[in-house]
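Given next are the chains, with one letter for each unit.
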Amino acid sequence: MSASIIPVIAIDGPSGSGKGTIASLLARHLGWSLLDSGAIYRLVALAAEYHQIPLDQEAKLSELAAGLDVRFIPATEQSPANILLEGQSVTDCIRTEQVGAGASKVAALPQVRAALLQRQRDFRQTPGLIADGRDMGTVVFPDAPLKIFLTASAEERARRRYLQLKDKSPDVTLTSLLGEINARDARDTQRAIAPLVAAPDALSLDSTSLSIDQVLKYILDAAIQRNLCAERQV
Ligand SMILES: Nc1ncnc2c1ncn2[C@@H]1O[C@H](COP(=O)(O)OP(=O)(O)O)[C@@H](O)[C@H]1O
Ligand SMILES: Nc1ccn([C@H]2C[C@H](O)[C@@H](COP(=O)(O)OP(=O)(O)O)O2)c(=O)n1
């Protein structure tokens, strides 16, 4: 099957809106591949730290991005998903707000984005792909038959992030997370290249007062309506 007719569900939106959670549930439910594109930008930021490359050195960072030695090991019934950078597991350490902020900085560099484009498109494999990020529906998979723009208020997103991080990082506070989320939103929406914006044909969904199950059902219903998958109970 040619790549362009393999279905993609693109899920874009700001930090903490629930993209990653919903994308992995959908991928497991449908048996489709999963692209966590934010993880790739996080890996570039972490690799830059390992190799002591400042986050404004565009040419060096794009070289690093092009040669990034990374393996995504999908979750199985027995073990959770694992991400290896240069052979080392970095699954948890790429999730800190510090690495997220670094990712948002390297992601604003056009040469870095260009170096990562084909690597992301290669995830499009049968029977289908769930792609999570900022520009999945606008740049990487503009022909995706279903595009979701998932949002939630900044306060709710900070609250979710706080609950997620507080045990692993006891230093985090709700106030600092809200500040970091607002700074990252501003950088991601205002950059010149591939800014965070809804594709004109995306369905916008505000998840502020929706449960994870309600969001999942909404997207599955939209996928069924478009004949991307058969009717199945969640
Ligand atoms: N609709 C929701 N209601 C409550 N909590 C949610 C919802 N969606 C996601 N979460 C939780 O919010 C946190 C951040 O979600 P995540 O999927 O990492 O967001 P994103 O990938 O958009 O940054 C996770 O702990 C997740 O379980
Ligand atoms: N397709 C993408 C995915 C992420 N990015 C950038 C912008 C984000 O602030 C960082 C980190 O993305 P990630 O999706 O992991 O962040 P959150 O889990 O939503 O907090 O990477 C991007 O520019 N384009």
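Residues numbered from 1 in each chain as written. Chains lettered and ligands numbered in written order. Predicted model: local features only at pLDDT ≥ 70, side-chain atom pairs only at ≥ 80, totals over all residues.

### Brief notes about the pairing of strand E4 (residues 82–85)
The test is simple: Using C-beta atoms placed from the backbone, we call a residue buried if 20 or more other C-beta atoms fall within 10 Å of its own, exposed if 12 or fewer do, and partly exposed for counts in between. Only runs of H or I of at least four residues qualify as helices and only runs of E of at least two qualify as strands under DSSP, and these elements are numbered from the N terminus. DSSP bridges decide pairing: two strands pair if at least two such bridges lie between them.
Burial of E4 is one-sided: the residues Ile 83 and Leu 85 facing one way are buried, the residues Asn 82 and Leu 84 facing the other way are not. Hairpin connection, E4 to strand E5 (residues 88–89): the antiparallel pair is bridged by 2 residues, and Glu 86 has positive phi, about 50°.

### Some points on the UniProt feature "domain: Cytidylate kinase" (unreviewed entry) in the protein chain
Stated formally: UniProt positions are given in the numbering used here, feature names are shortened, and annotations may be inferred rather than shown by experiment.
Per the UniProt entry, the sites bearing "domain: Cytidylate kinase" (unreviewed entry) are residues 9–222 in this numbering. Between the end C-alpha atoms of residues 9–222 the distance is 10 Å, and the span holds 48% helix and 15% strand.

### Focus: the sheet that holds E5
Overall, antiparallel pairing links the 3 strands, which are arranged E3-E4-E5 in an open sheet. On the outer flanks of this sheet lie strand E3 (70–73) and E5, each paired with one strand and no other. Here E3 runs beside E4; their pairing, made up of 4 bridges, is antiparallel. Paired with Val 70 across the two strands is Leu 85, which belongs to E4.

### Observations regarding the site of ligand 2
Our working rule: We call a residue near a molecule or strand when the C-beta position, derived from backbone atoms, sits within 6 Å of it. Residues are grouped as follows: nonpolar covers Ala, Val, Leu, Ile, Met, Phe, Trp, Tyr, Cys and Pro; charged covers Asp, Glu, Lys and Arg; every other residue, Gly included, is treated as polar.
The local shell around ligand 2 holds 16 residues, among which Ser 15, Gly 38, Ser 104, Ala 107 and Gly 133 are the closest. Sort the elements by how many residues they give to the shell around ligand 2 and helix H2 (residues 37–50) lands first, with 5 residues. Across the shell around ligand 2, the residue classes break down as 4 nonpolar, 7 polar and 5 charged.

### Focus on the packing of H2 against helix H4 (residues 97–106)
Rules: Orientation is described by axes fitted as lines to C-alpha atoms, over the contacting stretch for helices, and by angles from 0 to 180 degrees between their N-to-C directions. In this scheme, roughly parallel covers angles under 35 degrees and roughly antiparallel covers those over 145, while 65 to 115 is roughly perpendicular and the rest are oblique. Our contact criterion uses C-beta atoms placed from the backbone: two residues qualify when those atoms are within 7 Å.
In the contact formed by H2 and H4, the axes pass within 8 Å of each other and the chain directions differ by 100°. The pairing of H2 with H4 is recorded here as roughly perpendicular in orientation. Facing Gly 38, Tyr 41, Arg 42, Val 44, Ala 45, Leu 46 and Ala 48 of H2, the residues of H4 in contact are Val 99, Gly 100, Gly 102, Ala 103 and Val 106. Along the lines of polarity and charge, the residues of the contact of H2 with H4 split into 8 nonpolar, 3 polar and 1 charged.

### Regarding the sheet that holds strand E7 (residues 146–151)
Read across the sheet, 5 strands follow the order E2-E6-E1-E7-E8 without closing on themselves; strand pairing throughout is parallel. Two strands lie at the open edges of the sheet, namely strand E2 (33–36) and strand E8 (203–206), each paired on one side alone. Direction aside, neighbouring strands of the sheet carry axes that sit 20° apart on average. In terms of strand pairing, strand E1 (residues 8–12) meets E7 through 4 bridges, oriented parallel. Bridge pairing in E7 links Asp 12 to Phe 149. Relative to strand E6 (residues 129–133), H2 is tilted by about 50°, and along the sheet it contacts E2 and E6.

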